[in-house]
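Remarks on the overall topology
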Amino acid sequence: KQCIINSPALICIDHFECIGGTAEKGEHPYIMQLRQLLAIEMDNLQEKQVIILAATDNCKLLDDNLLRAGRFSKEIILKKPDQEVRYKILSNLTKHTSIEDKDDTLLWLAQETNGYLPADLAQLLSEAAIKCIHSYVIQHADDINHQEIQYIQSKIDYSTSIIGNPVITTGT
C-alpha cells in the first residue's frame, strides 16, 4: 500500500522461495495466506508504477500461480561467476585487507572456488579472518599487557553481570 501511495517504487524480496514457494503438506496457514495476498496485491500493481524484484536460488520451488503472466514478467538467470569474475570479487572484498602475497593468493583462491557465489566468497574470507585472529590470539596469549586489559575492562559492564559472569557490551 505504501509503495502505491509513494510510487514510483521498487520492492525487493530476497529468498522469495520462502514465501512464494509451492504449497506443502503441513505448511503454516499464515504462509498460504501471505502467498494468496501477495498474488492479489501483484494483480493490483499492473497499472501502478511499482516494480517487484524477487530473488531465489531455486526457481523450481516457486508457486506457478505467482509466476503467471501479469505478475512477474521477466526471469533473469544469473550465472555463477567464472574465475576472472571471482578474482575481481575477491580483490574488491579484500581491498582493505592485508594478505601475504595477495595477488598470488587471490589468483589461487579464484581458481579453487569454482561454483562459489559472491556471498560464498565473502563468507570464506570472513571465516579465514576469524581463524587468523584466533590463531594470533592463541599464539600471543602470554603477551597480554596492561593496556589490553584496561581496554577490555572498559567493555565489560559488571553491574549487569549474572552470577559473576561479565556481560560484554557493544559500542566503541
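Residues numbered from 1 in each chain as written. Predicted model: local features only at pLDDT ≥ 70, side-chain atom pairs only at ≥ 80, totals over all residues. Heavy atoms only, no water.

**Some thoughts on the overall build of the protein chain**
For the protein chain, the helix and strand inventory stands at eight helices and four strands. Out of the 172 residues belonging to the protein chain, those deemed buried represent 19%. Residue pairs in contact within the protein chain that sit at least 24 positions apart in sequence constitute 61% of those at least 6 positions apart. For the protein chain, the accessible area works out to roughly 13800 Å², and carbon and sulfur atoms hold 57% of it. (Helix = DSSP H or I, 4+ residues; strand = E, 2+ residues; numbered from the N terminus. Buried < 20%, exposed > 50% of the residue type's maximum accessible area, 1.4 Å probe, protein only. Contact = heavy atoms within 4.5 Å. Areas by Shrake-Rupley, 256 points an atom, 1.4 Å probe, with all protein chains shown as cover.)

**Regarding the packing of helix α5 (residues 83–93) against helix α7 (residues 118–139)**
Running from N to C, α5 and α7 point in directions that differ by 45°, and their axes come no closer than 10 Å. Here α5 is positioned oblique relative to α7, judged by the angle of their axes. The way α5 lies across α7 gives a crossing that is right-handed. Contacts between α5 and α7 pair Arg 86, Ile 89, Leu 90 and Leu 93 from the former with Pro 118, Leu 121, Ala 122 and Leu 125 from the latter. Classifying every residue of the contact of α5 with α7 gives seven nonpolar, no polar and one charged. (Axes fitted to C-alpha atoms, helices over the stretch in contact; angles between N-to-C directions. Parallel < 35°, antiparallel > 145°, perpendicular 65-115°, else oblique. Left-handed = near helix turned anticlockwise from the far one by under 90°. Nonpolar A, V, L, I, M, F, W, Y, C, P; charged D, E, K, R; others polar.)

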